[in-house]
Amino acid sequence: MYSQIFAFILASFSLLSLGRFGLVVWQWRRVNESQGMWSILRGGLRIDAHLIAICVAPAVLVAPWLSGSNVAAAVIGAWFQMAWILICLLELSTPLFIVEYDTRPNRLYVDYLKHPREVCGMIWKGYKTVAVLVVAGLLFLSVMGRFLFTAWGPGFSPSGLIEQSGILLASSLLVSLAIRGTLRHRPINPSTVAFCSDPLLNALALNSLYSVAYAVYSMKNERSPADAYGELPEQEVIALIRRQAFMSPTIDSAQIPTLHKHGSVTVHRDPTPRHIVLIVEESLGAKYTGHLGGLPLTPNLDALSDEAWTFTRAYATGTRSVRGLEALVAGFPPSLSDAVLRLPGAQSRFFTLAHLLKNQGYRSRFIYGGEAHFDNMKGFFLGNGFEELHDLETFRHPKFVGTWGVSDEDMFDRLHTLLSERSVQPTFTLAFSVSNHSPWEYPSGRILPQGEPATVENTVRYADWALGRFFEQARRSSYWDNTLFLVVADHEARVGGQQLVPVKYFHIPAMILGGGVKPRVDKRIVSQIDLPVTLLSMLGIETEHPMIGHDLTDRQAGGRALMQYGENFGYLKGDQLVVLEPNRPATQWRYTISNDLIAVLLDEQLRREALAHALWPDLAYRTGSYTLPTLRSV
C-alpha cells in the first residue's frame, strides 16, 4: 500500500508541475512582465501538496494497519485511480478553458456541466481536434494510472503496535501540515499564493482540480461578500446606497429599504402606453462595435446609434449573460454570489420590470432562440412576472438551428410577428439573441465572411445584419411610433487581461430608440442597472420600486459603474476605480483614456462606498427586501 501512496504522490506532483510549467511557457510574455515565474512555481508546489495530501489522507490513515491486505490495496488503488482521472481531466481541459475565459477552470466549469448537450456541441463543433486530443490524452493517462497504482507485491508493512502508531502519527502530521499549507492563522487558499494584479497568473499558481473544488466549496451560504471583502454596519450600507442612488435619506419602508417613488423627472408623458422592447445582444462588446471605436463590424448598429439616445460609456455588470439579464430586467447589481436568476431565494416575488409593469397593465414575454431552461432563465422569468415564453421548442420550421438554438433572424422574425399583432394591451418584450456565441454558427448567404467563416468577427457581422434587418421591418410597421426599444449587450465575448478588473472589456453598446426618441450622444459613465430605471421615465410611469440604478433622464445622474469580475468587485466613479479582492486590502486606480490603470492612494470614503455596493445585493437577497409591497403581501 505504501508503494501505491508514493506512486500517486510522485505521479501527481510530476503531472501538475509539468502542466504548470507548460502553461508558464505558453503565457511567457505575461509571466515575464510580472517577473512571476518563481512565484507561480513555488505557490504551485504548495497548492499541489495541499491537493495531493487530501487525496492520500484516507490511505495514510489505514496503511499502518491494513498494508498487508489485498482487499485494502485494491480499494486504495481504485480511489487513487479516480482521483488521478479527475486531476488529469481538469489539467487537460485547462488550455481550452484559458482560451475562452482567461483563467483556470473554476465555478463556471461546474455550471456548464449542468448543460452537457450545449457545451459538448460547442466544444465538438468549435474545437474538434482539441477535444479528440484531450480524450486520447485522458485514456493514455488513465491506463498509466492503472499500472502505477496497482499493488505489485507485499511491500513495506510495519509490525507491532509501537511501529504502527509511530508511522501513523508521523505521516498524519505531514499530511495535516500539507493540507493546511501554512502555520499561520488562516489555512492556505488562493489568495495565499496570489502575487500580482493579473488574475490569470495568480490562477496558474493553482491547479485546476483545486480551483474547481475551491469554487464549489466557496458556493456555500450563497457566497458572503462580507467574509470576502469586509463588513459595514447594515444601516450604513443602506444609507450609502440610498445617497448614491439620489434617494431621500428617509426610508419609506423598513421591509424594503430602497423602495422609493419614481416619476419626478420625466421626459415623456403619453396617455397611450407604449410597448417596450428590450433587445439583449449576446456577447457584443465595444471591441466589436464601430461607433464605440471598435472593429468596423456593426454598420447597422452604428447607423441606429445616429437616430438613438446613444450611451458611449455604458458598462456591463459582469461577464456572463445571467449577470447582464439580472441587471437589465431586475435592475439588480452584481455580487460575489451567483446571479439571482440561479439563486433559490429569487425564484418568486423578486422584483423585475415584468412585476412592476403588470401593475401598469402590461403583458410581459420572453423570446429566446435557445432552450430557456439554460441558466434557469425559464424558471426565474416565469416566476417573476413574465407571462409568455418563446424559446427553441416553440419555433416551427426555423431557417437555421445551431448549437445554442435558432438564428437571430428567426428570433427577430418572432419578435416582429408578436409586435405586429393588434392588441390594446401594452407589452414588455425581452428578446435575447443567441447567434453570437462560440462555436460561431450562423446561416450562410447572409454576409460575406472574412477569412475563416466560424469566427467571432464574422458572427458579429451576422448578428448585426439580423438586427439591421429587423429594424428595417420595424420602421415600416404600425408599431414603430408606439414602441420604445432598448438595444444593449449582455457582456463582452471574452474578458481577460492582466488587470484586477479589466474595465475596457466591460464596455458595451447601449441605446434607446423608437418613435419620438430624439437622437443624442450621451458620454456619461452608465451601468446596466441604470437602463431599466431610465426606461420607466421614458414611458412617463409614476410608481415605486426598489431599484438603485440612476434615472438618466436626470442630467445630474450617471457617472459610476459596478463590475463583478470573478472574485473581484470593481466600482468605477469618474476616472477612479476601487477594486475589492477576497481577503486582501482594497486598492484604488486611476482609469485612463488609454485603458490603463494607474495605482493611486486609497480614498477611504470611496472604499466604503464601493464596499456598500458590494454588500448590498447580498443584504437585499438574504432579507427578501428586493421586491414590491404588493408581492410581499401575496
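Preceding this paragraph is the structure being described.
Residues numbered from 1 in each chain as written. Predicted model: local features only at pLDDT ≥ 70, side-chain atom pairs only at ≥ 80, totals over all residues. Heavy atoms only, no water.

### A word on the side chain of asparagine 384
And step 1. Here asparagine 384 is to be found in the loop between helix 17 (377–383) and strand 5 (388–390).
And step 2. What makes asparagine 384 buried here is its relative accessible area of 0%.
And step 3. Reaching out from asparagine 384, the side chain makes a polar contact with the backbone oxygen of alanine 346 at a distance of 2.9 Å.
And step 4. For asparagine 384, the side chain forms a polar contact with the main-chain nitrogen of arginine 349, separated by 3.1 Å.
And step 5. In contact with asparagine 384, not counting residues within four places along its chain, are Ala346, Gln347, Ser348, Arg349, Phe350, Thr352, Ala354 and His355. (Helix = DSSP H or I, 4+ residues; strand = E, 2+ residues; numbered from the N terminus. Buried < 20%, exposed > 50% of the residue type's maximum accessible area, 1.4 Å probe, protein only. Polar contact = N/O pair within 3.5 Å; in protein donor to acceptor, adjacent residues only side chain to side chain. Contact = heavy atoms within 4.5 Å.)

### Observations regarding the sheet that holds strand 16 (residues 587–591)
And step 1. If you trace the five strands from one edge of the open sheet to the other, you get 13-14-15-16-17, paired in antiparallel fashion. Looking at the sheet topology across the chains shown, the edges are occupied by strand 13 (560–565) and strand 17 (597–600). Between one strand axis and the next, the sheet turns through 25° on average, direction left out of account.
And step 2. With five bridges joining them, strand 14 (residues 568–573) and strand 15 (residues 576–580) adopt antiparallel strand pairing. Paired with glycine 570 across the two strands is valine 579, which belongs to strand 15. (Pairing = 2+ DSSP bridges. Axes fitted to C-alpha atoms, helices over the stretch in contact; angles between N-to-C directions.)

### Here we look at the pairing of strand 13
And step 1. Among the six residues in strand 13, six count as buried, and that is most of the element.
And step 2. Residue alternation in strand 13 divides its side chains into two sets, Arg560, Leu562 and Gln564 and Ala561, Met563 and Tyr565, and both sets are buried.
And step 3. Pairing of strand 13 with strand 14, which is carried by six bridges, proceeds in the antiparallel orientation. When the bridges of strand 14 are listed, leucine 562 appears paired with tyrosine 571.
And step 4. Here strand 13 folds back onto strand 14, and the loop between the two strands holds two residues, one of which, glycine 566, carries a positive phi near 65°.

### Remarks on the packing of helix 3 (residues 37–66) against helix 8 (residues 161–180)
The description of two packed helices rests on the angle between their axes and on the distance between the axes.
And step 1. In contact at an axis separation of 9 Å, helix 3 and helix 8 are set at 170° when each is read in the N-to-C sense. When the axis of helix 3 is compared with that of helix 8, the two are roughly antiparallel. The chirality of how helix 3 crosses helix 8 is left-handed. Seen from helix 3, the contacting residues are Ala49, His50, Ala53, Ile54, Val56, Ala57, Val60, Leu61, Pro64 and Trp65; seen from helix 8, they are Leu161, Gln164, Ser165, Ile167, Leu168, Ser171, Ser172, Val175, Ala178 and Ile179.
And step 2. Looking at the contact of helix 3 with helix 8 residue by residue, the classes come out as 15 nonpolar, five polar and no charged. (Parallel < 35°, antiparallel > 145°, perpendicular 65-115°, else oblique. Left-handed = near helix turned anticlockwise from the far one by under 90°. Nonpolar A, V, L, I, M, F, W, Y, C, P; charged D, E, K, R; others polar.)

These figures capture arrangement, not role.
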